[in-house]
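Coordinate analysis (summary)
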Amino acid sequence: MIDYREAWLLPLVFKLQGSVYARCAIFAVPSSLLTIILVMTEAWVPGYREETMLAALDSSAIWAMLTAVLIFMVSFRTRQGYSRFWEGTGLLHQMKGEWFDTVSNCVTFTISAKDSNPDVMKFRHTIVRLMSLCHGCALEEISGIEGRMET
C-alpha cells in the first residue's frame, strides 16, 4: 500500500511510486507530438487539411467524438469498480458466515453436556470470544492499516 503521509503537497502530487502520470504520459506524449506535427504541416504545406479531408472535421464533430470516448471510459471504469466493490462485500459476508458456522458447530457439540456445568458455559463463552477475535484480526489484516490500533 502507498503511504500518503507527506509534509508538503508538492512532493505528494509529484510522487512517481503508484502514480498514474507515467502511464498517462505513454498516451499523452505521442498524441501531443502528432498534434504539433499536424499544426506545423499546415504551416509548411498550405491547403494540406483540405487535401486530406481533415477540414471536414469541425469542432462539433471533434467534441462529439471526445464526449463519446469519455462516456465509454467513465462508464467502463465505474462498472468495473462497482463489480469489484460488490465482489469484496460478498467475500466479507461469506467470511463472516464461515466464522458463524464454525462457532455454532462448536457450541452445538457441547449440547450433550450438562448445561448446569459451569465449565461448559465457560467454554461456550470462550469459543465465541475467540472466534470474534479471529474475525476482527482477519478484518484488520485485509484492511491494510499497519500499526497498532487503539481500543
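Rules and cut-offs
Residues numbered from 1 in each chain as written. Predicted model: local features only at pLDDT ≥ 70, side-chain atom pairs only at ≥ 80, totals over all residues. Heavy atoms only, no water. Helix = DSSP H or I, 4+ residues; strand = E, 2+ residues; numbered from the N terminus. Expected span 1.5 Å × (residues − 1). Polar contact = N/O pair within 3.5 Å; in protein donor to acceptor, adjacent residues only side chain to side chain. Phe/Tyr/Trp six-rings, centres within 6.5 Å; stacked < 30°, edge-to-face > 60°. Buried < 20%, exposed > 50% of the residue type's maximum accessible area, 1.4 Å probe, protein only.

1. Observations regarding helix α5 (residues 118–143)
Relative to the 38 Å expected for 26 residues at 1.5 Å per residue, α5 spans 37 Å between its end C-alpha atoms, a close match to the ideal helical length. The N-cap of α5, judged by a side-chain oxygen 3.1 Å from the amide nitrogen of D119 a few residues on, is N117. With its phi angle positive at about 85°, G144 sits one or two positions after the end of α5.

2. Regarding the packing of aromatic side chains
Evaluation of the coordinates by the stated rule reveals three aromatic pairs. Ring geometry for Y82 and W86: centres 6.2 Å apart, planes at 75°, overall edge-to-face. Pair noted here: Y82 and W86 are both in helix α4 (residues 59–108), with a separation of four residues, about one helical turn. The class of Y82 is exposed, set by a relative accessible area of 54%. Given the relative accessible area of 47%, W86 is considered partly exposed. Taken together, the ring pairs connect Y82, F85 and W86 into an aromatic cluster.

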